[in-house]
Amino acid sequence: AAPTMTEPHLLFLPGAGGASAFWRPVGDRLPATWTKAYFSWPGLGSQPPRPDINGFDDLVRMVEAQLGDSPVDLVAQSMGGAIALRVALSHPRRVRRIVLAATSGGIDVPRLGASDWRPEYREAFPQSASWIMDTRPDFSSELPRIAQPTLLLWGDADPISPLAGAQTLQRLLPTTTLHIV
């Protein structure tokens, strides 16, 4: 059934770990009548590669291909947050709301004191696509165009996604609520 205003259509976007299972515990707690799509990122984490996925822009296209006629809600963590914001910037009428959890969100988080997660990631997932090591999208100058209500969920002591990143996103995104855990 097509989603209605009372039945949201949610797209769940994981981080660089790439596993669709990341968001399942959250989705399972939401009403069964809501339409939910869980993404995995081919070639990242333990996900098998696909020949058509060779970078960040290919992941954005995967999400764009799932946008329907009714606006969707994007729920994203870590790298998935940067993908969500890129989609919202490119398709503002097709995104209704955004939830971002501990993400770089397409801003320069190393400048804000973030720890580099890449060495541990490469050790944990040596078979992951090499392009993930060089991907650092920065949409800072574009983020004020995102008018959709955005909920930021952040830990107060996350070394990879410091609170300064959430505060920067809150300042750049016009309609934002920050919830600190």
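The following refers to the structure shown. (Residues numbered from 1 in each chain as written. Predicted model: local features only at pLDDT ≥ 70, side-chain atom pairs only at ≥ 80, totals over all residues. Heavy atoms only, no water.)

## Some thoughts on the sheet that holds strand E2 (residues 35–38)
As a reminder of what qualifies: Note: two strands are recorded as paired if DSSP finds a minimum of 2 bridges between them. In this text, helices come from DSSP runs of H or I with a minimum length of four residues, and strands from runs of E with a minimum of two, each type numbered from the N-terminal end. Think of each axis as a best-fit line through the C-alpha atoms, taken over the contacting stretch in the case of a helix, with angles from 0 to 180 degrees between the N-to-C directions.
If you walk across this open sheet you meet the six strands as E2-E1-E3-E4-E5-E6, and the pairing is parallel. Single-partner strands in this sheet number two, and they are E2 and strand E6 (176–180). Strand after strand, the sheet turns through a mean of 15° between neighbouring axes, direction not considered. In terms of strand pairing, strand E1 (residues 9–13) meets strand E3 (residues 72–77) through four bridges, oriented parallel. Bridge assignment links Leu-13 to a residue of E3, and that residue is Ala-76.

## Let's talk about the environment of Pro-162
The following threshold applies: Each residue is placed in one exposure class: buried if its accessible area under a 1.4 Å probe, protein chains only, is under 20% of its type's maximum, exposed if it is over 50%, and partly exposed if it falls in between. In what follows, a contact means two residues having at least one pair of non-hydrogen atoms within 4.5 Å.
Position of Pro-162 among the secondary structure elements: in the loop between strand E5 (150–154) and helix H5 (163–172). For Pro-162, a relative accessible area of 12% gives the class buried. Expressed as a C-alpha distance, the spacing of Pro-162 and Gly-113, which sit 49 residues apart in the sequence, is 7.0 Å. Contacts of Pro-162, omitting those with residues within four sequence positions, involve Leu-112, Gly-113, Ala-114 and Trp-154.

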